[in-house]
Amino acid sequence: GEKVTLFFDALPDLAMSDVATTGEVVDINMRSEEKRGDTTYTVTIKLDREAPGMRWGMTATVHMEP
């Protein structure tokens, strides 16, 4: 239920606009994976709305709201 904001590397102007992509965490996988020496957990986020120009496979940074 944690609120998040997503920032896409390929869409830098989106972060400066009023259509920033937001969502809510709906699942965090209980099992970790090691990727390039980092321990990661798959997180599923339900988007409030799809960002213009967003495509499958794009890299994004996710900020959790306090």
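Residues numbered from 1 in each chain as written. Predicted model: local features only at pLDDT ≥ 70, side-chain atom pairs only at ≥ 80, totals over all residues. Heavy atoms only, no water.

When its secondary structure is counted, the protein shows zero helices and six strands. Each helix (α) and strand (β) of the protein, taken in turn from the N terminus, gives the series β-β-β-β-β-β. When the 66 residues of the protein are sorted by exposure, 18% land in the buried category. Per element, the accessible surface of the protein, about 5300 Å² overall, is 51% carbon and sulfur. (Helix = DSSP H or I, 4+ residues; strand = E, 2+ residues; numbered from the N terminus. Buried < 20%, exposed > 50% of the residue type's maximum accessible area, 1.4 Å probe, protein only. Areas by Shrake-Rupley, 256 points an atom, 1.4 Å probe, with all protein chains shown as cover.)

By size, the foremost hydrophobic cluster in this structure holds seven residues: Val-4, Leu-6, Phe-8, Leu-11, Val-25, Ala-51 and Met-54. Contacts of Leu-6, omitting those with residues within four sequence positions, involve Thr-21, Thr-22, Gly-23, Leu-47, Thr-61 and Val-62. (Core = buried A, V, L, I, M, F, W, Y, C linked by side-chain atoms within 4.5 Å. Contact = heavy atoms within 4.5 Å.)

It is worth spelling out the environment of Asn-29 at this point. Here Asn-29 shows up in the loop between strand E2 (21-28) and strand E3 (33-35). Considered as a pair, Asn-29 and Thr-42 are 13 residues apart in the sequence and their alpha carbons are 5.4 Å apart. Discounting residues that sit within four places of it in the chain, Asn-29 has contacts with Tyr-41 and Thr-42.

This part takes up the sheet that holds strand E6 (residues 60-64). Sheets are built from strands that pair by backbone hydrogen bonding, the pairs being arranged parallel or antiparallel. Reading across the sheet, the four strands line up as E5-E2-E1-E6 and stay open at both edges, with antiparallel pairing between neighbours. Pairing within the sheet leaves two strands with one partner each, and these edge strands are strand E5 (43-47) and E6. The mean inter-strand angle of the sheet, taken between neighbouring strand axes irrespective of direction, is 40 degrees. (Pairing = 2+ DSSP bridges. Axes fitted to C-alpha atoms, helices over the stretch in contact; angles between N-to-C directions.)

One can find Ala-10 in the loop between strand E1 (3-8) and E2. Judged by its relative accessible area of 53%, Ala-10 falls in the exposed class. Expressed as a C-alpha distance, the spacing of Ala-10 and Met-54, which sit 44 residues apart in the sequence, is 8.5 Å.

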